[in-house]
Amino acid sequence: MALKEFITDPLGFGTAPLGNMFRDIPEDEAQATVEAAWNHGIRYFDTAPLYGAGLAEIRLGRALKGHAREDYVISTKVGRIVLDEVEDVENRDLGEKGDVFRYGLPNKVVNDYSEDATLRSIEDSLGRLGVDTIEIAWVHDVAQDFYGDEWLAMFESARKGAFRALDRLRDEGVIKAWGLGVNRVEPIELLLELDAPRPDGFLLAGRYSLLDHAKALQRVMPTVQREGLGIVVGGPYSSGALVGGRHFEYAPASAEILHKVARIRAIADAHGIGMKAAGLQFCLAHPAVVAVIPGASHPGRIAEDKEALREQVPRSFWLELRKQRLVDPEAPLPGDD
């Protein structure tokens, strides 16, 4: 099923921060953030077992408990199993993202993309979320940033296990759609080359943003669009770097990235627009993108995101970015014919 058939709002909510990403978020603040999203009309919520070893799913389930299930869409992910066993979170191996969820639950998380683990993962997620169904299952992080030189072996394990299991669950009506949830374009390229099984779309985090989009634009977006699939864009603010933060790709931003941000900000200031508006509206200008899901850990951020979508950005701003080669010349921009 095409993602746009049930993801009808361009702004969703990414729940990684609810898993205590980078900091220990108080429970009342987490709940208030989800409620703020709901009150601002957001009805698509993306989560994952990895986010705080199940914490984000638990918090999301609590916050949505009082709302009718048919009124919202959930995507979660497979590929990680959260165990009852606890571990020292300081010694977790999460590839390049080792410190991202150090404040999450201490439960041990194991990587497993087999068919049995996929089915168990979905069952466990349903329990943590407190729901009977999910709409979308993304196969999580079968890419270089988590598995280095072993990523192709992990992809092959997912091809034989998770892909086939999810394809069957979709055909049986248990889920509506499946695809990859990754931070790299290469796994998407590989899956698109397979004759079967066939995904419905992808959650691509960080690779189609104002700061980093050339590779995705050239290597995956045309095929996704041609085949009638969809892209959900995660990380539109590039881990915060675009909007004044010091992180890019979950790590301290390089001098090069900070310089690029400063150049974009100077143009934005000259045109009197906000960086959030620039970031979100750039992502949504591509016809393959069905939604963008910035994360938030504070209620006030939700209102900012909604206002950023409504903000009127003059065409001259986008043309100036193109002129200064701050966006790829082939990137669709708001207002392009």
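The structure presented is a predicted model; accordingly, all values stated were derived computationally and were not measured.

A.B. asks: An account of the layout of surface pockets is needed here, citing residue identities and associated values.
C.D. replies: What the largest pocket holds in volume is close to 1,000 Å³. Lining the largest pocket are 48 residues, and of these Pro17, Met21, Ser239, Gly240 and Gly295 sit closest to its centre. Every element with two or more residues in the lining of the largest pocket is listed here: β7 (177-182), β8 (201-205) and α11 (299-310). Here the residues of the lining of the largest pocket sort into 21 nonpolar, 17 polar and 10 charged.

A.B. asks: How would you sum up the pairing of strand β9 (residues 230-234)? Please name residues and give values.
C.D. replies: Within β9, five of the five residues are buried, which leaves it mostly tucked inside the rest of the structure. Where burial is concerned, the two faces of β9 agree: the one with Gly230, Val232 and Gly234 and the one with Ile231 and Val233 are both buried. Two elements, β8 and β9, share five bridges in a ladder whose sense is parallel. Along β9, the bridge assignment pairs leucine 204 with valine 233.

A.B. asks: Requested: an account of the sheet that holds strand β3 (residues 73-78), with residues and values cited.
C.D. replies: If you trace the eight strands from one edge of the open sheet to the other, you get β1-β2-β3-β6-β7-β8-β9-β12, paired in parallel fashion. The open sheet has two edge strands with one neighbour each: β1 (13-14) and β12 (289-293). On the sheet, helix α5 (residues 151-171) packs against β3, β6 (136-140) and β7 and is oriented at approximately 150° with respect to β7.

A.B. asks: Outline the packing of aromatic side chains, supporting the account with residue identities and numerical values.
C.D. replies: Inspection of the entire model under this criterion finds 11 aromatic pairs. Between tryptophan 38 and tyrosine 72, the aromatic rings sit 6.0 Å apart at their centres with planes inclined by 80°, giving edge-to-face as the arrangement. Of this pair, tryptophan 38 sits in helix α1 (residues 27-39) while tyrosine 72 sits in the loop between α2 (55-64) and β3, and the two are 34 residues apart along the sequence. With respect to burial, tryptophan 38 and tyrosine 72 carry one shared label: buried. Pairing phenylalanine 146 with tyrosine 147 gives two aromatic rings, centres 6.5 Å apart and planes at 50°, and the pair type is tilted. What links up through ring pairs into an aromatic cluster is the set Phe13, Trp38, Phe45 and Tyr72. Over the ring of tryptophan 38 we find arginine 43; its NZ or CZ atom is 3.6 Å from the centre of that ring. Here the guanidinium or amino end of arginine 80 rests over the ring plane of phenylalanine 146, the centre of that ring lying 4.7 Å away.

A.B. asks: If you had to explain the nonpolar core to someone new, which residues and values would you point to?
C.D. replies: One recurring pattern in soluble globular proteins: nonpolar side chains tend to sit buried together. If you look at the biggest cluster of nonpolar residues, it comprises 95 residues, and the most contacted ones within it are Phe45, Val139 and Leu180. If you tally residues by element for this core, the top one is α5, at seven residues. Leave out the neighbours within four places in its chain, and valine 139 touches Val78, Tyr113, Ala158, Ala162, Phe163, Leu166, Trp178, Gly179, Leu180, Gly181 and Val182. Counting 14 residues, the second-largest nonpolar core is a separate cluster that includes Leu3, Phe6, Leu203 and Ala291.

Reading the values: the criteria
Residues numbered from 1 in each chain as written. Predicted model: local features only at pLDDT ≥ 70, side-chain atom pairs only at ≥ 80, totals over all residues. Heavy atoms only, no water. 1 Å grid on protein atoms, 1.4 Å probe; cavity = no way out; pocket = protein on both sides within 12 Å on 5 of 7 lines; lining within 4 Å. Points joined across faces, edges and corners; volume = space filled by probe spheres on them. Helix = DSSP H or I, 4+ residues; strand = E, 2+ residues; numbered from the N terminus. Nonpolar A, V, L, I, M, F, W, Y, C, P; charged D, E, K, R; others polar. Buried < 20%, exposed > 50% of the residue type's maximum accessible area, 1.4 Å probe, protein only. Pairing = 2+ DSSP bridges. Contact = heavy atoms within 4.5 Å. Axes fitted to C-alpha atoms, helices over the stretch in contact; angles between N-to-C directions. Phe/Tyr/Trp six-rings, centres within 6.5 Å; stacked < 30°, edge-to-face > 60°. Lys NZ or Arg CZ within 6 Å of the ring centre and 35° of its normal. Core = buried A, V, L, I, M, F, W, Y, C linked by side-chain atoms within 4.5 Å.

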